[in-house]
Amino acid sequence: MSDRIENVLHENRRFPPSDAFRADARLSSEDGYARMHRESIEDPESFWGRVAGELPWIQPFDKVLDWSEAPRAKWFVGGKINASAVCLDQHLESIRSGKRAIVWEGEPGDTRTLTYTELHTEVCRFANILKSRGIKKGDRVAIYMPMIPELAMAVLACARIGAIHSVVFGGFSAQALSDRIEDGECCAVITADGGWRRGKILELKKEVDAGVAGKDYVHTVLVVRRTENDVDWDHERDIWYHEALLKVDAECPPEPMDSEDVLFLLYTSGSTGKPKGIVHSTAGYLVGAYMTTQFVFDLQDEDVYWCTADVGWITGHSYIVYGPLANGATCVMYEGAPNTPHPGRFWEIVQRHEVSVFYTAPTAIRAFMKWGDEHVEKHDLSSLRLLGTVGESINPEAWMWYHQKIGGERCPIVDTWWQTETGSIAITPLPGVTTTKPGSATRPFFGIDAAVLDEDGNELGANEGGLLAIRKPWPSMLRGIWGDEERFRETYWSKWPGYYFPGDGARKDEDGYLWILGRVDDVINVSGHRLSTMEVESALVSHESVVEAAVVGRPDDLTGQAIVAFVTPAAGISASDELLRALSEHVSTEIGKLARPAEVRFTDALPKTRSGKIMRRLLRDIAAGVETVQDTSTIEDYAVLAKLRNYDD
Ligand code: WT7
């Protein structure tokens, strides 16, 4: 792999925060940022000790950071804390007790609002249901649900009793769910009969039935009634949430958890092999989610905050559940698709609930651009004061549209770079401080010592594309890969001694701003979701008509990258539209709709190195329709390459 990455983007526009925004911002001076960032890097113990001191501890910590067993960081050593108490109980004694915690809207238009007091009661009862099934501290619980308030409750109920939650995105297939349940050895699954998506019912319970089949260790499937479709029932294993609720009370003291106890697992794709169960700790994770939410979104008590992600991704964990609730914010939560029943649904929600802080993904922004400005213009968006994006680099064109059409040219945009592994936002503008440049995530957050290095760990000069690195531990960093210490060290800590390798390319410009250049490995990012080529290939190859497959990403205006699959059919099978459809369907069942190839090209051979490795970088050029300028000296058979290039002829 070459460590230099081509940089083709030249962007000269600058957007300083307005005086009006700065007047009320939490942080509004360059000096303030510089001072805090310097302290966070030079004296992390006093910096983070102070921040952590703002959280309600059951027992105070006696050491801020122990990095002696790097890369296994221990933060806030000796402390005891409970994440659900941080999100709920602490607000009950304050003026926030009657404040709205969750303002929810279902896709069909039904609504539910929960105050902090009400959410606390519901979470305690939910936790007591889990306890009544014998679920206890340290047990793993899979959560596979639609975006309904019970999803947030399920997460917090696990945290309350110290069970480790493993949320699996509701759009994943039974097979993907099964793999994740198995890897985490989950003893229970929390789900719903179904969820609403584009006016149709997503039958979640049915997927769970298939996903837990043959797994005796799954003793409980707890089912929330949402869509009222018929479901199969195992009387030993399955229980209805609404029935179980009648048998429990609302008294459930939070379990005191060690700072380093695992709060949750969340699976993310790797470049090779099976998905990685990213392990997050309790206290460090909370401190990161708490502080970033406060400073990046400049959260004020009057804000109505809406992050449009699904709780099935890390964005939803940190910026729908833990971060906002730890800060006592009012959060909007929406179940359905952005274009149901009409392409202005998001803007209708913003208007109805007077959303002031709005956080979404570039892929969504590009979809809105495509659907047309008239759907935006019909709605009053004057309540908005701050916008955010996450998931992939936002192209300047989309940034400008977001700024003008959604932000009315008055809202700062925070382009936040981070990962499932970082736990919380790591590179970002601070809205009252940073002059933004469209397409740049700008500068590191407090505690993040970000640099652009070459393969040997040398820091590169201004505007030289290289590899992003984080050179110091930070509180919300991952603590491991579930059950695979070796892979944890190898994936993140083996490139340079003691430095974290996120796997992204980046460059730093002359002002010290960071520009993220995308993944340097074979992972494909579709609509802000990383997919491993390896997983999609495995799915294709598991189809009887396929002998070999190579999958690459090609640039796509809408989804960032789109999947192109090069497929070699089995002997006697010929390429046909029917096969194409069958493969698409197959990938959908194996992984999920998200992973369906946008294009399948049938070929009788794939370009390989002499040792038999598929040369994906060549395929990437072919898929994108550009002339290969890459090194082809290791290719085994030039004829294969020539044939693939002439595919359209
Ligand atoms: C990868 C992490 C963190 C939640 C969403 C995805 C890419 C994320 C940005 C951004 C450029 C970004 C990176 C990163 N990414 N945010 N603002 N600018 N790239 O979480 O699935 O863990 O993916 O998403 O490539 O490594 P994830």
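Keep in mind that what you see is a predicted model, and the values were worked out from it rather than measured. (Residues numbered from 1 in each chain as written. Predicted model: local features only at pLDDT ≥ 70, side-chain atom pairs only at ≥ 80, totals over all residues. Heavy atoms only, no water.)

### Some remarks on the sheet that holds strand β22 (residues 466-470)
In a beta sheet, neighbouring strands pair by backbone hydrogen bonds and run either parallel or antiparallel. Filter applied, for reference: Pairs of strands are assigned from DSSP output, requiring at least two bridges between the strands. Only DSSP runs of H or I covering at least 4 residues are called helices, and only runs of E covering at least 2 are called strands; the numbering of each starts at the N terminus. Axes here mean lines fitted to C-alpha atoms, for a helix over just the part in contact, with angles spanning 0 to 180 degrees between N-to-C directions.
Taken together, four strands build an open sheet; the order of strands is β21-β22-β24-β25 and the sheet is antiparallel. In this open sheet, the two edge strands, each paired with only one partner strand, are β21 (450-453) and β25 (514-519). Across this sheet, the average inter-strand angle for adjacent strands is 45°, counted without regard to direction. Pairing analysis gives two bridges linking β22 to strand β24 (residues 504-508), with the strands arranged antiparallel. Paired with glycine 466 across the strands is alanine 506, a residue of β24.

### Details of the site of the ligand
We count it as follows: By convention in these notes, a residue is near a molecule or strand provided one of its non-hydrogen atoms lies within 4 Å of it. A 3.5 Å cut-off defines polar contacts: any pair of N or O atoms within that distance qualifies, except that in protein one atom must be a possible hydrogen donor and the other a possible acceptor, and neighbouring residues in sequence count only when both atoms are side-chain atoms. Accessible surface is estimated by sampling points in the Shrake-Rupley manner with a 1.4 Å probe; for residues, cover comes only from the protein chains shown. Here the term charged refers only to Asp, Glu, Lys and Arg, the term nonpolar to Ala, Val, Leu, Ile, Met, Phe, Trp, Tyr, Cys and Pro, and the term polar to all other amino acids, Gly among them. How far each domain reaches was decided by an automatic or database domain assignment.
Within the structure, the ligand sits among 18 residues, and Asp415, Thr416, Thr420, Asp504 and Arg519 are positioned closest to it. Within the backbone of glycine 391, an N or O atom sits 3.1 Å from a nitrogen atom of the ligand. With respect to the ligand, the side chain of aspartate 415 contributes an N or O atom lying 2.7 Å from a nitrogen atom. Relative to its unbound accessible surface of 560 Å², the ligand loses 95% to contact with the protein. Of all the secondary-structure elements, those providing two or more residues to the shell around the ligand are α11 (314-326), β20 (413-416) and β25. Considered class by class, the residues forming the shell around the ligand number five nonpolar, eight polar and five charged. If you count residues domain by domain, the shell around the ligand takes at least three from each of domain 1 (19-84 + 299-515) and domain 3 (522-645).

### Concerning empty space enclosed by the protein
Note the following rule: Put simply, the grid is 1 Å and covers the protein atoms alone, a cavity is a trapped set of points that fit a 1.4 Å probe, a pocket is an open set with protein on both sides within 12 Å along at least five of seven lines, and lining residues have an atom within 4 Å of a point. Grid points are joined across faces, edges and corners, and a volume is the space filled by probe spheres set on the points.
A full pass over the atoms with the stated rule returns five cavities of 30 Å³ or more. The calculated volume of the largest cavity comes to roughly 70 Å³. Its residues assigned to classes, the lining of the largest cavity shows seven nonpolar, four polar and no charged.

### Re the environment of alanine 213
Position of alanine 213 relative to the elements: it lies in the loop between α8 (204-212) and β11 (220-224). Once the C-alpha coordinates of alanine 213 and alanine 174 are considered, the two residues, 39 residues apart in sequence, prove to be 10.0 Å apart.

### Notes on the pattern of salt bridges
Condition: For this document, the term salt bridge refers to a Lys or Arg side-chain nitrogen within 4 Å of an Asp or Glu carboxyl oxygen. Three exposure classes are used, based on accessible area relative to the maximum for each residue type with a 1.4 Å probe and protein chains only: buried under 20%, partly exposed in between, and exposed over 50%.
Under the definition given, this model contains 39 salt bridges. In this structure, the salt-bridge partner of glutamate 459 is arginine 471, at a minimum N-O distance of 3.2 Å. In this pair, glutamate 459 sits in the loop between β21 and β22 while arginine 471 sits in the loop between β22 and β23 (480-481), placing the two residues twelve residues apart along the sequence. We classify glutamate 459 as partly exposed; its relative accessible area is 44%. Looking at arginine 471, the relative accessible area reads 23%, which means it is partly exposed. Each of Asp449, Glu459, Arg471, Lys472 and Lys508 takes part in a single network of salt bridges with overlapping partners.

### Thoughts on the domain arrangement of the protein
By convention, interface size is frequently given as the accessible area that disappears when the constituent parts associate. The cut-off we apply is this: By buried area we mean the combined loss of accessible area, with a 1.4 Å probe, across both parts when two parts are placed together.
For the protein, the assigned domains read domain 1 (19-84 + 299-515), domain 2 (85-255) and domain 3 (522-645). Taking both sides of the interface into account, the surface hidden between domain 1 and domain 3 amounts to around 770 Å²; carbon and sulfur atoms contribute 48%. Area buried by domain 1 at its contact with domain 3 is led by Trp313, Thr363 and Arg366, which between them contribute 50% of it. At the boundary of domain 1 with domain 3, the tally comes to zero salt bridges. One can count five residue pairs in polar contact (both at pLDDT 80 or more) joining domain 1 with domain 3. A breakdown of the residues in the side of domain 1 that touches domain 3 according to their chemical character gives two nonpolar, four polar and four charged.

### Comments concerning the layout of surface pockets
Gaps left between atoms show up when a probe the size of a water molecule is rolled over them. If you add up the space inside the second largest pocket, you get close to 350 Å³. Lining the second largest pocket are 20 residues, with Asp179, Arg180, Lys274, Pro275 and Glu535 positioned closest to its centre. If you list the elements that add at least two residues to the lining of the second largest pocket, you get α7 (174-184) and α17 (533-541). The element contributing the most residues to the lining of the second largest pocket is α7, with six residues. Here the residues of the lining of the second largest pocket sort into eight nonpolar, five polar and seven charged.

### Some remarks on the packing of aromatic side chains
Rule in force here: Planes of paired rings set the category: under 30 degrees apart is stacked, over 60 is edge-to-face and the rest tilted, where pairs are Phe, Tyr or Trp rings (Trp by its six-membered ring) whose centres lie within 6.5 Å. We call a charge positioned above a ring when the Lys NZ or Arg CZ atom is no farther than 6 Å from the ring centre and deviates by at most 35 degrees from the ring normal.
Under the defined criterion, the tally for this structure stands at 40 aromatic pairs. Note on tryptophan 347 and phenylalanine 358: the rings are 5.4 Å apart at their centroids and 55° apart in plane angle, and the pair reads as tilted. Of the two residues, tryptophan 347 sits in helix α12 (residues 345-353) while phenylalanine 358 sits in strand β18 (residues 357-360), which places them eleven residues apart along the sequence. Classification of tryptophan 347 by relative accessible area gives buried; the value is 1%. An aromatic cluster of three or more residues is present, and its members are Trp306, Tyr334, Phe346, Trp347, Phe358, Phe368 and Trp371. A cation sits over an aromatic face here: lysine 437 above tyrosine 513, 4.4 Å from the ring centre. For the cation-ring pair, lysine 495 lies above phenylalanine 501, with the distance from its terminal atom to the ring centre recorded as 4.8 Å.

### Topic: the side chain of threonine 559
Defined as follows: We call two residues in contact whenever any of their non-hydrogen atoms come within 4.5 Å of each other.
Here threonine 559 shows up in the loop between β28 (546-556) and β29 (560-569). Of the residues examined, threonine 559 reaches a relative accessible area of 19% and is grouped as buried. Excluding anything up to four places from it in sequence, threonine 559 contacts Thr363, Arg366, Glu392, Asn525, Val526 and Ser527.

### What to know about the packing of helix α13 (residues 362-371) against helix α15 (residues 396-406)
Two quantities define a packed helix pair, namely the angle between the helix axes and the distance between the axes. Convention followed: Note that the term roughly parallel is reserved for angles under 35 degrees, roughly antiparallel for angles over 145, roughly perpendicular for angles of 65 to 115, and oblique for everything else.
Running from N to C, α13 and α15 point in directions that differ by 70°, and their axes come no closer than 10 Å. Viewed along their axes, α13 and α15 adopt a mutual orientation that is roughly perpendicular. For the pair α13 and α15, contact is made by Ile365, Arg366, Phe368 and Met369 and by Glu397, Ala398, Trp401 and Tyr402, respectively. The residue makeup of the contact of α13 with α15, split by class, is six nonpolar, no polar and two charged.

### A look at the nonpolar core
Applicable threshold: Here, the term nonpolar core denotes a set of buried Ala, Val, Leu, Ile, Met, Phe, Trp, Tyr and Cys residues that are joined through side-chain atoms within 4.5 Å.
Ranked by internal contacts, the top residues of the largest apolar core, which has 125 residues, are Phe297 and Tyr322. Ranked by residue count, the leading element in this core is helix α6 (residues 149-161), at ten residues. A domain-level breakdown of this core finds at least three residues from each of domain 1 (19-84 + 299-515) and domain 2 (85-255). Apart from residues lying up to four places away in sequence, phenylalanine 297 is in contact with Thr292, Tyr305, Tyr319, Val357, Tyr359, Arg385, Leu386, Val414 and Ile425.

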